[in-house]
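# Secondary and tertiary structure notes
Given next are the chains, with one letter for each unit.
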Amino acid sequence: MADNVRERDLVLAPNEFAFILDETKGNVIAYVGPHKTSLANTDRPVIFEEPTRRFRRCSLEESITPFPYAEEGWYVVLENPAREGDEEHAKSGPNTLVRLILGRKVNIPGPATFPLWPGQVARVVRGHLLRSNQYLLVQVYNEEAARENWGRAVIKPQKAEGADEDVKREVPELTLGKLLLIKGTEISFYIPPTGIEVLPDEQGSFVRDAATLERLEYCILLDEDGNKRYIEGPDVVFPEPTECFVEKSGVRKFKAIELNEISGIYLKVIAPYQDTDGTERKVGEELFLTGRDQMIYFPRPEHALIRYGDQRTELTYAVAVPAGQARYVLNRLTGDITLQEGPCMFLPDPRKQVLITRVLSPNECDLFYPNNQAVMEYNIRLSGRPGGGGQLREKAKMISSAPLAKREDSAEGLVADDFTRSQRFTPPRTITLDTAYDGAVTINVWTGYAVMVVSKTGARRVVVGPKSVFLQYDETLEAFELSTGTPKVDDHCLRTAYLRVLNNKVSDLIQGETRDLCRVSLLLSYRVNFEGPPEQWFNVENYVKFLTDHLRSILRSTMKQHGIEEFYSKAIQVVRDAILGPPQGRTGRLFAENGMRVYDVDVLDVQLGDAAIAEMLTEAQHQAVRQAISLAEEQRNLEATQRGEEIRQQIEALRFETTRKHLNIQGEEVAGHLALELTRIAATAQQEGERLKAQEARQGQLNSLLQSELSRSKQQRDQELDFERQLMEQRLQELRAEVDGLVSRAQAVSPDLVAALQSFSDQHLAERVARSMSPLAMLGGKSVADVFSQLLKGSPLEGAVQRWGERQAPEKSV
């Protein structure tokens, strides 16, 4: 019983209050401590719930509530304040309900604490401290109270003391619902006055962070009217009350776009403006900015980025076109397709240029790249035909569905300019170019080959190798067919686009009949070149069939003009003369229709249709060969004999010449001795004359004596000289006689002398033969001379035998 009594006692300490409901009258009494009272059975403790705005019955302990308490730097937001004239706050003890201004709010800055009347709600809020890059967003909820209490706001400016009065005096236009911005660059501490409330952000925080932009950074502010503001750093950006930051993946600061000569950005003008250089830009105009225009690009509200499909980046990059490759470029405005050849870094202008890939049909793949299975499979996949393209489409699907990479939050630690040096070697940046199938269709024409390129407009051009050619998008290769097999037939033609124009070889098997109706098969190989204007080389679709048919007709006609023996023995010559012309000035056979010239022909085999005739011709050839060998051997013997005789004659002539030269040398030697002696005699005579003159000069009286002596001496000398001269002439005559004798003896070696010597040798031989044939003569009853004469009759030995017989006859008679 005592516990029940104690539970009905309400004891309130200082700074506590409680609400008690009188169930008999419906009044709610506010008890404020310090106070103690006993509750009647009709009294029920209650509390006022803020969400429902209703009184809820509760226990006595739960109904006891502490006063709202705001320290310095805090403030109380009180809802439903008491009317003027009534008690503003309940006093200690029981307090009956006063009239409240429902729906009204007042801001009471701290320090403050007070009990609440039944129906009042109080929220204690901390005063708002702002840094220079923070701000508050406040709203006017009671314009009259805001004007009246504007000067009562607690404001601490960032500047010197006394500036807060200026801030308070600057009363802006206050209307209900108007949003105001309290910037941290101006105010460091703020408590709003009555009529103004601070709006929290999505996370419930009252203080908002401005955007601090560094260099090469920018942010976008979107206003309620749809306009955007682009602000470049470095700066601290405070949005206007009606603006909000545009965010992407939770990030509201963005890096400026770096451009270079091989990258660009595709834009559309959505509002007219004027460039810095004075160029007027109209709505709808498209721009393509590259590094040549500006290296750093900051977006502006008049620009809108243009993207295609699942393009993940804002930039358009250049395409590497290596040397020997090209890319197809489509002009979006005119529809023309051009070739961009390498080496270059090609940056297409997306306003009018689009890179395209040409898809080859299976027939074109087989024609352009024979037996290249990789090219065939790639083009089948690219065209999306059944059995191909699945991997490419799946890969494209994976790329398009891949999530975009999220921007990382700011990392903790020191953020400043620094140099990072790795402890290991960092290899240079490398890229792998695999553009085998991305570029234009490339045709490599080999040495000795040619192709004809045909466009859909009818234009034709011939490309002669060695050369690489890029096909325009509407160009293809002219195809032709070649007969195959030996002999050449049209059953299985080879379809190709590559024409062999140098050192081409075409083989064929020709069957025909000779004049005597013998069948002959010729296996031939033609050597073919193409001459003249290249455009006419492709005038004949099947040049192999054209060539073989014409030459078959010529050779069959030629075979009809020869017998089998004649043709078989001269088959190669007949064939070459018929096709290439006569040997003198042979130029080959020219086909004016397509510039094809057969400059040589090889006869690989000649076969006869009748085996018996072939055997007969073979035997005849063998016999002719044997006869030729025999004649050649006899001819060699004749030539050896003739050569031996010529050598002997040359030996004798050389000996005669040697003797003649020897005699000439001796004559010259004698003449030299004679001249020497004459010179000596002349010198002696001159010496004697000089001596005599001297004696005559000394002894004039002896002149006559000496003159006579000299005359005698001269006569004696003249006689001696005449004698020696006669001896010399006699010796010269003897030498001439010897020389003439030798000459006459050499000339005597004539055919008659040779015949005589031969006759002499023949007689000697005949004597020996006669002695050997004596027994034979005795058996026949005839003499040896008769037998031998009859045997050698008509031969060169016949005369020798007769002379021998005549010489033997006198001997026998004796």
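Since we're looking at a predicted model, the values are computed, not measured. (Residues numbered from 1 in each chain as written. Predicted model: local features only at pLDDT ≥ 70, side-chain atom pairs only at ≥ 80, totals over all residues. Heavy atoms only, no water.)

### A closer look at the overall build of the protein
We apply this condition: Runs of H or I in DSSP of at least four residues are treated as helices and runs of E of at least two as strands, each being numbered from the N terminus. The buried label goes to any residue with under 20% of its type's maximum accessible area, the exposed label to any with over 50%, and the partly exposed label to all in between, with areas taken from a 1.4 Å probe on protein chains only. Whether two residues are in contact is decided by their heavy atoms: any pair within 4.5 Å suffices. Residue burial considers only the protein chains on display, and all accessible areas are found by Shrake-Rupley using a 1.4 Å probe.
When helices and strands are tallied, the protein shows 16 helices and 51 strands. Classification of the 814 residues of the protein by burial places 34% in the buried group. Taking all contacts inside the protein whose residues are at least 6 apart in sequence as the whole, residues at least 24 apart take part in 63%. If you sum the accessible surface of the protein, you get close to 51,900 Å²; carbon and sulfur atoms cover 51% of it.

### Focus: the pairing of strand E16 (residues 154–157)
Moving residue by residue along a regular strand, the side chains alternate between the two faces of the sheet. Filter applied, for reference: Any two strands between which DSSP finds at least two bridges are classified as paired.
Burial along E16 is one-sided: Ile-155 and Pro-157 are buried, while Val-154 and Lys-156, pointing the other way, are not. Sheet topology places E16 next to strand E18 (residues 187–191); four bridges connect them, and they run antiparallel. When the bridges of E18 are listed, Ile-155 appears paired with Tyr-190.

### A word on the layout of surface pockets
Our working rule: A 1.4 Å probe that fits but cannot get out identifies a cavity on a 1 Å grid over protein atoms alone, an open set with protein on both sides within 12 Å along at least five of seven lines counts as a pocket, and a residue lines either if it has an atom within 4 Å of a point. Grid points are joined across faces, edges and corners, and a volume is the space filled by probe spheres set on the points. Nonpolar residues are Ala, Val, Leu, Ile, Met, Phe, Trp, Tyr, Cys and Pro. Charged residues are Asp, Glu, Lys and Arg, and all others, Gly as well, are polar.
One number sums up the size of the second largest pocket: a volume of about 620 Å³. Pro-81, Glu-84, Val-106, Asn-149 and Thr-194 are, among the 25 residues lining the second largest pocket, the residues nearest its centre. Of all elements in the fold, only strand E11 (105–109) and helix H3 (143–149) reach the threshold of two or more residues within the lining of the second largest pocket. At four residues, E11 tops the list of elements feeding residues into the lining of the second largest pocket. Tallied by class, the residues present in the lining of the second largest pocket amount to eleven nonpolar, seven polar and seven charged.

### Thoughts on a nonpolar patch on the surface
For clarity, the threshold we go by: A patch consists of residues whose relative accessible area exceeds 30% and which take part in no salt bridge; residues with like charges are grouped when within 9 Å of each other, and nonpolar side chains (Val, Leu, Ile, Met, Phe, Trp, Tyr) when within 5 Å. In the sections that follow, a salt bridge refers to a side-chain nitrogen of Lys or Arg positioned within 4 Å of a carboxyl oxygen of Asp or Glu.
There is a patch of nonpolar side chains on the surface, built from Leu-216, Met-295 and Ile-296 and spanning about 260 Å² of accessible area. Along the polypeptide, Met-295 turns up in the loop between strand E31 (286–290) and strand E32 (296–297). For Met-295, a relative accessible area of 46% puts it in the partly exposed group.

### Some thoughts on helix H10 (residues 571–580)
If you check which residues of H10 are buried, you get Ala-571, Val-574, Val-575, Ala-578, Ile-579 and Leu-580. Where the residues of H10 are buried, they touch strand E49 (519–530), helix H8 (543–560), helix H9 (564–569), strand E50 (589–591) and strand E51 (596–608). Looking at the residues trailing H10, positive phi occurs at Gly-581, about 95°.

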